[in-house]
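Structural features, examined
Chain by chain, the residues:
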Amino acid sequence: MERGAPWRDFRPLLRNDSLVSVSPPALAERPWKGSAGPGRFKFRRQKAGRVLRKPSHYARHYEGCTAVLCTKHGKEAAIAPPLRAMLGLAVYVPAGMDTDILGTFTGEIERVGTPLEVAIRKARMGMEATGLSFGLASEGSFGPDPRAPFIPVHHELLVFVDDQRQLQVVEQVVTSRTNYGHSTAASLEDLADFLDRAGFPSHALVVRPNTGPETQPLYKGLRAVGALQEALRECASVSADGLARVETDMRAHMNPSRLAVLRRLAFRLGHRLRTPCPSCQSPGWGVVGVIKGLPCAECGYPTELVRELVEGCPCCTFRRNRPRADGRRTASAGDCPYCNP
Ligand SMILES: [Zn+2]
Ligand SMILES: [Zn+2]
């Protein structure tokens, strides 16, 4: 179920200069908080008899274009509306595309490569099938937070491939607001706490035998108590230890929490794609990295916290540093390895 260590997956992003990426800062700190993010974007309301002017610094490079989104899990519900509103970009989901051949959450097919590689492969798959020059795909990973193993984290990335301009843009988010988890049980009564945490029944569940030679049956997308009970009974009876393993279903259409993250990412991607590079004017200007070393307020020692953000262009080599959007200039002594070893 855990699709590799999510942290390892950030490194390859920095290898290729055409890929825009942000390495994950500490969960507790979001240096870009306060910048124009999803929460801050406001739809401009069209009032009768009034022509709205587009902000001059926002380019609509993708107005009237169509991008293909490869998904069989209804991700377009979260991704398409923000992109249409912000860019005028339509999202097309081709029928019959099987993205499961690139890996499944439940492990029947193993994912090969990093999440970014898989996402780009997925976007290209749709572009090849439809002949469109714009492709979208997202890829999610779930696992324990490396700093606090009891807290599950969700890493999601959304990639946009533009073959007309030869660019690839990635937006990603790491969040602990996920229901990701698993439990074992022989019956429904043992599961009360877990069902609460998992957000059942708005969030679906996966059930399979806990141990033993039998990996089947495998039930996915369980949202009804009766079906869950039946699956528990059947899986527990074939498991060597008499228990069924119950997992959260992380597929987008089965998991409203994941859809909310995708929507947030789509707003971020929309913002980035309408922000032109100050040097070459190509779309996709945004944060591509961070510089650590925010000085300690007590002793001035450079801490592990982010000091500055690096903005960059996916087409040219132009880069520019900017201070943290939250205006923080110093780190507290608690984060200082000298004051608080
Ligand atoms: Zn540029
Ligand atoms: Zn200090």
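Residues numbered from 1 in each chain as written. Chains lettered and ligands numbered in written order. Predicted model: local features only at pLDDT ≥ 70, side-chain atom pairs only at ≥ 80, totals over all residues.

1. Examining the pairing of strand E11 (residues 306–312)
To keep things clear, this is the line we draw: Between any two strands, pairing holds if DSSP finds at least two bridges. Secondary structure elements are defined from DSSP: runs of H or I of at least 4 residues count as helices, runs of E of at least 2 residues count as strands, and each element is numbered from the N terminus.
Looking at chain direction, strand E10 (residues 286–292) and E11 are connected through six bridges and run antiparallel. Residue pairing across strands places glycine 289 opposite valine 310, the latter belonging to E11. Examined bridge by bridge, E11 and strand E12 (residues 319–323) share five bridges and lie antiparallel to one another. Paired with glutamate 311 across the two strands is arginine 320, which belongs to E12. Following E11, the chain reverses through six residues before pairing antiparallel with E12.

2. A closer look at the sheet that holds strand E6 (residues 182–185)
Using the following cut-off: Lines fitted to the C-alpha atoms define the axes, with helices restricted to the stretch that makes contact. Angles between their N-to-C directions range from 0 to 180 degrees. Here, residue contact means that the backbone-derived C-beta atoms of the two residues sit within 7 Å.
The strand order E6-E9-E7-E8 describes an open sheet built from four strands, whose pairing is antiparallel. Of all strands in the sheet, those with a lone pairing partner are E6 and strand E8 (219–222), marking the two edges. Mean inter-strand twist for the sheet, computed between neighbouring axes without regard to direction, equals 25 degrees. Of the strand pairs in this sheet, E6 and strand E9 (residues 244–248) are connected by four bridges, and their pairing is antiparallel. Pairing of histidine 182 across the sheet is with glutamate 247, part of E9. Sheet contacts for helix H4 (residues 225–238): E6, strand E7 (205–209), E8 and E9; angle to E7, the most-contacted strand, approximately 25 degrees.

3. Points about the packing of helix H1 (residues 76–87) against helix H5 (residues 256–273)
Basically, it comes down to this: Under this scheme an angle from 65 to 115 degrees is roughly perpendicular, one under 35 degrees roughly parallel, and one over 145 degrees roughly antiparallel; angles in between are oblique. Put simply, a crossing is left-handed when the front helix is turned counterclockwise from the back one by less than a right angle, and right-handed when it is turned clockwise. Following the grouping adopted for this structure description, the nonpolar residues are Ala, Val, Leu, Ile, Met, Phe, Trp, Tyr, Cys and Pro, the charged ones are Asp, Glu, Lys and Arg, and the polar ones are all others, Gly among them.
At a closest axis distance of 8 Å, the pairing of H1 and H5 adopts a crossing angle of 25 degrees. Taken together, H1 and H5 sit at an angle that is classed as roughly parallel. Judged by the twist between their axes, the crossing of H1 over H5 is right-handed. Contact residues: Ala77, Ala78, Ile79, Pro82, Leu83, Met86 and Leu87 in H1; Leu259, Leu262, Arg263, Ala266, Phe267, Gly270, His271 and Leu273 in H5. Considered class by class, the residues forming the contact of H1 with H5 number twelve nonpolar, two polar and one charged.

4. Quick word on the nonpolar core
Put simply, the test is: Here a nonpolar core is just a set of buried residues of the types Ala, Val, Leu, Ile, Met, Phe, Trp, Tyr and Cys, joined wherever their C-beta atoms sit within 7 Å. Buried, partly exposed and exposed are defined by the number of other C-beta atoms within 10 Å of a residue's own C-beta, namely 20 or more, between the two limits, and 12 or fewer respectively, with C-beta atoms placed from the backbone.
If you look at the biggest cluster of nonpolar residues, it comprises 42 residues, and the most contacted ones within it are Ile79, Ala123, Leu136, Val159 and Ala266. Secondary-structure elements contributing two or more residues to this core are strand E1 (66–69), H1, helix H2 (115–130), strand E3 (134–145), strand E4 (148–162), strand E5 (167–175) and H5. Grouped together as the second largest cluster of nonpolar side chains are 19 residues, Leu205, Leu228, Leu232 and Met254 included.

5. Points about the sheet that holds E5
Spatial ordering of the open sheet is given by E2-E1-E3-E4-E5, a layout of five strands whose pairing is mixed. Because the sheet does not close on itself, it has two edges, and the strands there are strand E2 (90–92) and E5. The average angle at which neighbouring strand axes cross in this sheet is 25 degrees, direction not considered. Most of the contacts of H1 go to E2, to which it runs at about 155 degrees, and overall it touches E1, E2 and E3.

6. Quick notes on the confidence of the model for the protein chain
As a reminder of what qualifies: Values of pLDDT, ranging from 0 to 100, describe the predictor's confidence in every residue of the model.
In this model, the protein chain carries an average pLDDT of 82, and 82% of its residues clear a pLDDT of 70 or more. Within the model, the stretch residues 34–56 combines pLDDT values under 50 with 16 contacts to residues more than four positions away or in other chains.

7. Focus on the environment of leucine 265
With respect to the helices, strands and loops of the structure, leucine 265 is situated in helix H5. Leucine 265 gets classed as buried once you count the C-beta atoms within 10 Å, which come to 22. Residues leucine 265 and proline 82 lie 183 residues apart in sequence; the distance between their C-alpha atoms is 9.4 Å. Once residues lying within four places of it in the same chain are set aside, the contact partners of leucine 265 are Glu156, Leu158, Glu171 and Val173.

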